[in-house]
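One letter stands for each residue in the lines below.
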Amino acid sequence: MILLLEVFKKKTVKTLFLSIFSLVLSSSVGAAEKAYVHGKTKVQPQASRTTEAAITGTYKKLKNNPVDGYGITFKVTNNIGRKVYVVPFAYIKRFLTDPWHWYKAPILELDVNQFAFADIGTVPSVDDLTTVFGCLRMCDTKEEAEAATYQLSTDDKKIDLDLLSVLNRKEVILHSSQYGVQGERLSYEVVPSHWQKVLPPLDFHVVNATPNPVYVAAFFYGKEQDADEFVPWRFTKTDAYLLEPGKDTLIKVQTIKDPYDWSNVTGFLGVFKENEAKRAKNSTYELLQAREKIVLGPLASLGNKQVVLGSTQYGSDSLFNITTAPASVLAR
């Protein structure tokens, strides 16, 4: 009898504990359910509302109601030189109940110099908004665009945009350039909602002071376009120009608005003999031989000067060198 009474007491205590635990769990689930409305957040606590208020001027809050989430939209302009189909991809969590995944946004059909708006959709919270990554896939046909997936897109067809939140309400301008044997390379620049003060151009003249015609190509190490801080620096190249003795050409450098980029973009010259036209056209900085490469240094240090190309005889070969002179003294 005493043994049965002890067992009864233990079961009663266990049952009471389970009942209390179930009640607490139900209350937690009920509170969580109240915080969700069709997979979207309701008004957050005061600390979160402060964060939301701070970003209202930067991110588009749909209908001014946190229940509707936060949208990411940016303008895309085609400056590639041909018609393209642009597919925006975003690594995103569009609803609270969704896992993070690659989302394919509506396809943009862009003729030359035409623009459209990439609509990535909404995310449920500010924290999610600031961690959305994305890219643009370039396609030549509508069928290619419709079949495109992020996982099967090769690097030469993609433009990595990194964090999409920094692009919201801005313009992304698409460009392409030829880089020697590597062919077409895609790039982009971001135009802010307000224009910054434009720094002086870095263009410079190159004068051929050698006795023979030469091909000249300029290489720059910097951002290919005046893009955001996430774009990596890399080498770009101008066309190869044939310079007759005593003649000059103007080397055009893209307009740069960021003071740091403007001060640090570095230039090089690739110089080739008259019979090396194909090599000059297909050259890349990485494939330049020592005798073909001339270091210009930071372009900003050239100031308003021209680069005078000379040569010295070294045995049976000619070695190229440069000097600088005021830009007003141009060989014509």
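This one's a predicted model, so the numbers in the text were calculated from it and none came from an experiment. (Residues numbered from 1 in each chain as written. Predicted model: local features only at pLDDT ≥ 70, side-chain atom pairs only at ≥ 80, totals over all residues. Heavy atoms only, no water.)

(A) Molecular detail of the overall build of the protein. In terms of helices and strands, the protein carries six helices and 21 strands. Taken across its 332 residues, the protein has 41% of its residues classed as buried. Across the protein, every contact between residues at least 6 apart in sequence was considered, and the portion connecting residues at least 24 apart equals 70%. Carbon and sulfur atoms make up 58% of the accessible area of the protein, which totals about 18,600 Å². (Helix = DSSP H or I, 4+ residues; strand = E, 2+ residues; numbered from the N terminus. Buried < 20%, exposed > 50% of the residue type's maximum accessible area, 1.4 Å probe, protein only. Contact = heavy atoms within 4.5 Å. Areas by Shrake-Rupley, 256 points an atom, 1.4 Å probe, with all protein chains shown as cover.)

(B) How the structure looks around unusual backbone geometry. Backbone geometry places Asn113, a non-glycine residue, at a positive phi of 65 degrees. Checked against the element boundaries, Asn113 lands in the loop between β7 (108-110) and β8 (115-123). Of note, the phi angle at Asp162 is positive, near 60 degrees, even though the residue is not glycine. Tracing the backbone through its elements, the reader meets Asp162 in strand β10 (residues 158-163).

(C) Summary view of the environment of Gln289. Within the secondary structure, Gln289 is located in the loop between α6 (277-282) and β19 (293-298). Among the residues examined, Gln289 registers a relative accessible area of 39% and is labelled partly exposed. With 19 residues separating them along the chain, Gln289 and Gly270 place their C-alpha atoms 9.0 Å apart.

(D) Here's a closer look at the pattern of salt bridges. Per the stated rule, a full pass over the model turns up 10 salt bridges. In this structure, Lys252 engages Asp203 in a salt bridge whose closest nitrogen and oxygen atoms are separated by 3.1 Å. One end of the pair, Lys252, is in the loop between β17 (248-251) and α5 (259-264); the other, Asp203, is in the loop between β12 (184-191) and β13 (204-208), with 49 residues separating them in the sequence. A relative accessible area of 54% places Lys252 in the exposed class. Of the charged contacts, one joins Glu292 and Arg279 as a salt bridge, the two residues approaching to 2.6 Å between their closest N and O atoms. (Salt bridge = Lys/Arg side-chain N within 4 Å of Asp/Glu carboxyl O.)

(E) Seen up close, the pairing of strand β11 (residues 171-178). Here eight bridges tie β11 to β12, and the two strands are oriented antiparallel to one another. Opposite Ser177, over in β12, you have Arg185 as the bridge partner. From the end of β11 to the start of β12, which pair antiparallel, there are five residues, and Gly180 there has a positive phi angle of about 55 degrees. (Pairing = 2+ DSSP bridges.)

(F) Highlighting the packing of aromatic side chains. The full count for this structure, using the stated rule, is 11 aromatic pairs. Ring geometry for Tyr221 against Trp233: centres 6.0 Å apart, planes inclined by 55 degrees, an arrangement best described as tilted. One end of the pair, Tyr221, is in strand β14 (residues 214-222); the other, Trp233, is in the loop between β14 and β15 (234-237), and 12 residues separate them in sequence. For Trp233, a relative accessible area of 24% gives the class partly exposed. Each member of the aromatic cluster is reached from another via a ring pair, and the members are Phe219, Tyr221, Trp233, Phe235, Phe268 and Tyr285. Its end group placed over the ring of Tyr103, Arg94 keeps NZ or CZ at 4.2 Å from the ring centre. (Phe/Tyr/Trp six-rings, centres within 6.5 Å; stacked < 30°, edge-to-face > 60°. Lys NZ or Arg CZ within 6 Å of the ring centre and 35° of its normal.)

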